[in-house]
Amino acid sequence: QVQLAESGGGLVQAGGSLNLSCAASGRTFNMYTMGWFRQAPGKDREFVAAIPWSGGGTQYADSVKGRFTISRDNAKNTVYLQMNSLKPEDTGVYYCAVPAARYIMYISAQEYHYWGQGTQVTVSS
């Protein structure tokens, strides 16, 4: 059974940093894109960042470019999201996800098949 387990969320003041982790189990995702999405209260789930299986050619939402960095450790089947210069509008539940197809980079949530339970990030002003 595939499981994605996020960790590292919490409460932080504006300008602070958090580092999210997502550990996959039940299957190896070395050949898959891995992505991060978030959902704020009352809003749709939105794309944050994605990293291809090779690690190069990462994609970011415009709202987080220059502040967030996605990385992965294929040996650990884990993807990370380093979040710096956090803003109150970054508040939400953050989810990691993996698509059904190997190799292809996706930024649409509809293309992602496996999802974690999410970790709450709250940024106070």
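Residues numbered from 1 in each chain as written. Predicted model: local features only at pLDDT ≥ 70, side-chain atom pairs only at ≥ 80, totals over all residues. Heavy atoms only, no water.

## Considering the pairing of strand S3 (residues 18-25)
Where we set the bar: One bridge is not enough; two strands pair if DSSP finds at least two bridges between them. In DSSP terms, a helix is any run of H or I states spanning at least four residues, a strand is any run of E spanning at least two, and both are numbered starting from the N terminus.
Taken together, the five bridges between strand S1 (residues 3-7) and S3 define a ladder with antiparallel strand orientation. Pairing of serine 7 across the sheet is with serine 21, part of S3. Where S3 meets strand S8 (residues 78-83), six bridges bridge the pair, whose relative direction is antiparallel. Across the sheet, serine 21 pairs through a bridge with tyrosine 80, a residue of S8.

## Brief notes about the pairing of strand S9 (residues 92-99)
This is how it is decided: Working definition: with a 1.4 Å probe on protein chains only, accessible area under 20% of the residue-type maximum means buried, over 50% means exposed, and in between means partly exposed.
Of all eight residues in S9, seven are buried, a share of seventy percent or more. With five bridges joining them, strand S4 (residues 34-39) and S9 adopt antiparallel strand pairing. Note on S9: the bridge partner recorded for arginine 38 is tyrosine 94. In this structure, S9 lies alongside strand S11 (residues 119-124), joined through three bridges in antiparallel fashion. Directly across from glycine 92, in S11, lies its bridge partner valine 121. With three bridges connecting them, S9 and strand S10 (residues 112-115) associate as antiparallel partners. Its bridge partner lying in S10, proline 99 is registered against tyrosine 112.

## Overview of a nonpolar patch on the surface
Our working definition: Grouping into patches uses exposed residues only, defined as over 30% relative accessible area, and leaves out salt-bridged ones; the cut-off is 9 Å for like charges and 5 Å for nonpolar side chains (Val, Leu, Ile, Met, Phe, Trp, Tyr). What sets the accessible areas is the Shrake-Rupley method with a 1.4 Å probe; for residues, cover comes only from the shown protein chains. The salt bridge definition used is simple: a Lys or Arg side-chain nitrogen within 4 Å of an Asp or Glu carboxyl oxygen.
Residues Met31, Trp53, Tyr103 and Ile104 make up a contiguous nonpolar surface patch of roughly 370 Å² in combined accessible area. Assignment of secondary structure puts isoleucine 104 in the loop between S9 and S10. On the accessibility criterion, isoleucine 104 (42% relative accessible area) is partly exposed.

Structural measurements only, silent on function.
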